[in-house]
Amino acid sequence: MDRTFIQNPQEQLVSVITDNVNLEGNLVIPHGAIGIVLFAHGSGSSRYSPRNRHVAEVLQQAGLATLLLDLLTLEEEEIDLRTRHLRFDIGLLASRLVGATDWLLQNPDTQQLKIGYFGASTGAGAALVAAAKRGEVVKAIVSRGGRPDLGGSALPEVKAPTLLIVGGDDLPVIAINEDAMAQLHSIKRLEIVPGATHLFAEPGKLAAVAHLAREWFTHYLK
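The structure presented is a predicted model; accordingly, all values stated were derived computationally and were not measured. (Residues numbered from 1 in each chain as written. Predicted model: local features only at pLDDT ≥ 70, side-chain atom pairs only at ≥ 80, totals over all residues. Heavy atoms only, no water.)

Chemist: So what's going on with the sheet that holds strand 3 (residues 35–40)? Residues and values would help.
Modeler: An order of 1-2-4-3-5-6-7-8 is seen for the eight strands of this open sheet, with the pairing classed as mixed. A single partner strand is all that each edge strand has here, and the edge strands are strand 1 (12–18) and strand 8 (188–193). Taken pair by pair, the neighbouring strands of this sheet meet at an average axis angle of 20°, ignoring direction. Taken together, the seven bridges between strand 1 and strand 2 (residues 21–28) define a ladder with antiparallel strand orientation. Paired with Leu 13 across the strands is Asn 26, a residue of strand 2. Of the strands in this sheet, strand 2, strand 3, strand 4 (64–69), strand 5 (114–120) and strand 6 (138–144) touch helix 1 (residues 50–61), which is tilted by about 160° from strand 4. Relative to the sheet, helix 4 (residues 122–133) contacts strand 3, strand 5, strand 6 and strand 7 (162–167), its axis offset from that of strand 5 by approximately 150°. (Pairing = 2+ DSSP bridges. Helix = DSSP H or I, 4+ residues; strand = E, 2+ residues; numbered from the N terminus. Axes fitted to C-alpha atoms, helices over the stretch in contact; angles between N-to-C directions. Contact = heavy atoms within 4.5 Å.)

Below, the structure written as structure tokens:
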């Protein structure tokens, strides 16, 4: 878990209490923010993920607030026989995303902002389930290299416009996202980034993801 990053002077450490646990997050609210994006990380990642932090910084520059939240506690993140299944417990992760969404609606600094979700890998499945549960407040979703199939029966219930971004060389995940597209009844788009693998580690590919996410969120969170 990478915890090395450059501190943004606008960044606040926040605690979100939900499901009887205390979840830590990093909140940035640019002046005149037009909306806020809640990040749901993939398994084995965290709010310190350099990939998600890069996307968050691009969104912040576009006037969007961001909340990068760890959906598991430090104790739960310890990989052993007791806790490793939690990384793939979509119901649990979605429940905590719902709790974090409610926290945003109650926080005086964020309660007026329209809410979007950015989900990566397994986090995309959790984001779609949570969006189905909070359809009246979640206004946009972006998935990066996601597993929307993990949203299961919740997919047809999603109301928010949904952008699925997949690497052009990530063939198994392209097929998974194409199947999910057929089950989504909301506004939807599948964007395939040529030459990118699952983590978009190739030069310029993560920047392409950030650009697509920025355009989607600024359009639907205005």
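Chemist: Break down the pattern of salt bridges for me, citing the residues and quoting the values.
Modeler: In the structure shown here, the tally under the stated rule is seven salt bridges. Ionic pairing is found between Arg 53 and Glu 11, a salt bridge with its closest N-O pair at 3.1 Å. A residue pair is termed long-range when its members are at least 10 positions apart, and Arg 53 in helix 1 and Glu 11 in the segment before strand 1 qualify at 42 residues. Residue Arg 47 is joined to Glu 24 by a salt bridge in which the shortest nitrogen-to-oxygen separation is 3.3 Å. Of this pair, Arg 47 sits in the loop between strand 3 and helix 1 while Glu 24 sits in strand 2; the two residues are 23 residues apart in sequence, bridging distant segments of the chain. Exposure remark for Glu 24: the relative accessible area of 36% places this residue in the partly exposed category. Three or more residues joined by partner-sharing salt bridges are found here, namely Glu 24, Arg 47 and Asp 70. (Salt bridge = Lys/Arg side-chain N within 4 Å of Asp/Glu carboxyl O. Buried < 20%, exposed > 50% of the residue type's maximum accessible area, 1.4 Å probe, protein only.)

Chemist: So what's going on with the pairing of strand 8? Which residues, and what values?
Modeler: As paired strands, strand 7 and strand 8 are joined by six bridges and run parallel to one another. Residue pairing in the sheet places Gly 167 in a bridge with Val 193 of strand 8. In this fold, the crossover linking strand 7 to strand 8 by way of helix 5 (residues 171–183) has right-handed handedness. (Right-handed = clockwise from strand over helix to strand, strands pointing away.)

Chemist: Lay out the pairing of strand 4 in plain terms, naming residues and giving numbers.
Modeler: For a regular strand, side chains alternate in direction, first toward one face of the sheet and then toward the other. With respect to burial, strand 4 is a largely interior element, six of its six residues being buried. Neither face of strand 4 is exposed, since Leu 64, Thr 66 and Leu 68 on one face and Ala 65, Leu 67 and Leu 69 on the opposite face are all buried. Relative to strand 4, strand 3 runs parallel, the two sharing five bridges. Bridging across to strand 4, Gly 35 finds its partner in Leu 64.

Chemist: Go over the packing of aromatic side chains with me, naming the residues and quoting the values.
Modeler: Under the criterion given, the structure shown has two aromatic pairs. Ring centres of Phe 39 and Phe 118 lie 4.9 Å apart, and the angle between their planes is 35°; on these two criteria the pair is classed as tilted. Here Phe 118 lies in strand 5 and Phe 39 lies in strand 3, a separation of 79 residues in the sequence. Here Phe 39 falls in the buried class, since its relative accessible area comes to 0%. When the centroid spacing of 4.9 Å and the interplanar angle of 50° are considered together, the rings of Trp 216 and Tyr 220 count as tilted. (Phe/Tyr/Trp six-rings, centres within 6.5 Å; stacked < 30°, edge-to-face > 60°.)

Chemist: I'd like a description of the packing of helix 3 (residues 90–106) against helix 4, backed by residues and values.
Modeler: Between helix 3 and helix 4, the least distance of the axes is 8 Å, while the angle of their chain directions is 55°. What the angle tells us is that helix 3 and helix 4 run oblique. The chirality of how helix 3 crosses helix 4 is right-handed. Across the interface between the two elements, Ile 90, Leu 93, Ala 94, Leu 97 and Val 98 from helix 3 touch Thr 122, Gly 125, Ala 126, Ala 127, Val 129, Ala 130 and Lys 133 from helix 4. Of the residues assigned to the contact of helix 3 with helix 4, the class counts are nine nonpolar, two polar and one charged. (Parallel < 35°, antiparallel > 145°, perpendicular 65-115°, else oblique. Left-handed = near helix turned anticlockwise from the far one by under 90°. Nonpolar A, V, L, I, M, F, W, Y, C, P; charged D, E, K, R; others polar.)

On their own, these measurements won't tell you what the molecule is for.
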